[in-house]
Amino acid sequence: MTPSFSSPAAMLLAAGRGERMRPLTDHTPKPLLPVQGRALLDWHIAALLRDGVAQVLINTAWLGAHIPQHLDATWRGSPLQLRYSHEQDDFGHALETAGGIARALPQLPPVFWLAAGDVFVPDFVFDPAAHAAFAASDDLAHLWLVPNPAHNPQGDFGLAAGRALNLPADSPMPRYTYSTIGLFKAALFTAPWCPLAPGNPTGQAAPLAPLLRRAMDAGRVGASLYTGRWTDVGTPQRWAELQQ
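Residues numbered from 1 in each chain as written. Predicted model: local features only at pLDDT ≥ 70, side-chain atom pairs only at ≥ 80, totals over all residues. Heavy atoms only, no water.

Give a detailed account of the pairing of strand β1 (residues 9-14), specifying residues and quantitative values.
For β1, a buried count of six out of six residues is recorded, marking the element as mostly surrounded by other parts of the structure. Neither face of β1 is exposed, since A9, M11 and L13 on one face and A10, L12 and A14 on the opposite face are all buried. Here β1 runs beside strand β4 (residues 55-60); their pairing, made up of six bridges, is parallel. Paired with M11 across the strands is L57, a residue of β4. By the bridge criterion, four bridges tie β1 to strand β6 (residues 111-116) in an arrangement that is parallel. Its bridge partner being in β6, M11 is matched across the sheet by L114. (Buried < 20%, exposed > 50% of the residue type's maximum accessible area, 1.4 Å probe, protein only. Helix = DSSP H or I, 4+ residues; strand = E, 2+ residues; numbered from the N terminus. Pairing = 2+ DSSP bridges.)

See the structure below:
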């Protein structure tokens, strides 16, 4: 049974191993690495609470027990209401993005924010008006795209007239990079868009991009360009640069 939700909800992705961040992540989950005095995950939570999103679900895998320990201590006494999907405990491995969301879906409302716990985006606004407009639309997802960073020069998706585009390889149109922040509907993680069984009971790992591309081809993914501060904290060098 889906729990009741008194406010907008979000899912934060925190299950990755962070192989490229080793040795920093050998003993600390990547979303708990500190940036400018605050864990990456705490930057997201502070912004969500500021914008009225108090119900947050977090998936975990690598060193998963560290995350509730940290968050319970850090946010005790706040309005934050936490739920978890512990993929390592349930299946012995992380489920990738779509697999993890599908697994967590019974704990999420029909519309929810999604963000990866390993990006630094301190100025992003989890806008209630954007949530309401998306909920009233026929779209299955709304993505925030960013100008391509040096490590992803080809980008991910096209953008035109507020729509995300699954561009063919030979398209001359520019592509932008998916920021890992978006609004999603639970319907995207059901047939015909997603091949996984409801609740992903067998713990299948599955990426998100194929689902998004199917929905884009059907004209059901919106997008906005975000030009504020944004860093995918994917290497020790990028992490070190953020400390300066």
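From this point on, the discussion continues.
Outline unusual backbone geometry, listing residues and values.
The residue after A191, namely P192, is reached through a cis peptide bond having omega 5°. Phi is positive for N200, close to 45°, though the residue is something other than glycine. Secondary-structure assignment places N200 in the loop between β11 (175-185) and α6 (209-217). For N200, a relative accessible area of 1% translates into the label buried.

Could you give an account of the packing of aromatic side chains, with specific residues and numbers?
The geometry of an aromatic ring pair comes down to the distance between the two centres and the angle between the two planes. Under the counting rule described, the total for this entry stands at ten aromatic pairs. Arranged with centres 5.0 Å apart and planes meeting at 75°, the rings of F124 and F126 form a pair that is edge-to-face. Consider the rings of F184 and F189, whose centres lie 6.2 Å apart with planes at 40°: the pair is tilted. With respect to burial, F184 and F189 carry one shared label: buried. Taken together, the aromatic side chains of W113, F124, F126, W144 and Y226 make up a single cluster linked through ring pairs. (Phe/Tyr/Trp six-rings, centres within 6.5 Å; stacked < 30°, edge-to-face > 60°.)

Give a description of the pattern of salt bridges that names residues and reports values.
Under the criterion given, the structure shown has seven salt bridges. A salt bridge links D138 to R220; its shortest N-O distance comes to 3.3 Å. Within this pair, whereas D138 is found in the loop between α5 (128-136) and β8 (141-146), its partner R220 is found in the loop between α6 and β12 (221-225), the two being separated by 82 residues in sequence. Of the residues examined, D138 reaches a relative accessible area of 54% and is grouped as exposed. (Salt bridge = Lys/Arg side-chain N within 4 Å of Asp/Glu carboxyl O.)

Kindly report on the layout of surface pockets, identifying the contributing residues and their values.
The method is simple in principle: a probe with the dimensions of a water molecule rolls over the atoms, and the space it marks as empty is what remains. If you add up the space inside the largest pocket, you get close to 860 Å³. L13, T97, A116, D118 and T180 are the residues nearest the centre of the largest pocket, which is lined by 35 residues in total. Of all the secondary structure elements, the ones that give two or more residues to the lining of the largest pocket are β1, α4 (96-104), β6, β11 and α6. For the lining of the largest pocket, the per-class residue count stands at 16 nonpolar, ten polar and nine charged. (1 Å grid on protein atoms, 1.4 Å probe; cavity = no way out; pocket = protein on both sides within 12 Å on 5 of 7 lines; lining within 4 Å. Points joined across faces, edges and corners; volume = space filled by probe spheres on them. Nonpolar A, V, L, I, M, F, W, Y, C, P; charged D, E, K, R; others polar.)

Which residues make up α5, and what values do they have?
An α-helix turns once per 3.6 residues; consequently, residues spaced three or four apart project the same way. Of all the residues in α5, the buried ones are A130, H131 and F134. What you see down the axis of α5 is that its buried residues fit within an arc of 100°, all on one side. Residues P128, A129, A133 and A136 are exposed on α5 and point more than 90 degrees away from its buried face. Contact partners of the buried residues in α5: β6, β8 and β11. Its side-chain oxygen at 3.0 Å from the backbone nitrogen of A129, D127 defines the N-terminal cap of α5. (Arc of directions from axis to C-beta. Contact = heavy atoms within 4.5 Å. Polar contact = N/O pair within 3.5 Å; in protein donor to acceptor, adjacent residues only side chain to side chain.)

Please provide a residue-by-residue account of the packing of helix α1 (residues 40-50) against helix α2 (residues 66-74), values included.
Between α1 and α2, the least distance of the axes is 11 Å, while the angle of their chain directions is 45°. In terms of their interaxial angle, α1 and α2 are classed as oblique. The element α1 and its partner α2 pack so that their crossing is right-handed. On α2, the residues that touch L41, D42 and I45 of α1 are I67, H70, L71 and T74. (Axes fitted to C-alpha atoms, helices over the stretch in contact; angles between N-to-C directions. Parallel < 35°, antiparallel > 145°, perpendicular 65-115°, else oblique. Left-handed = near helix turned anticlockwise from the far one by under 90°.)

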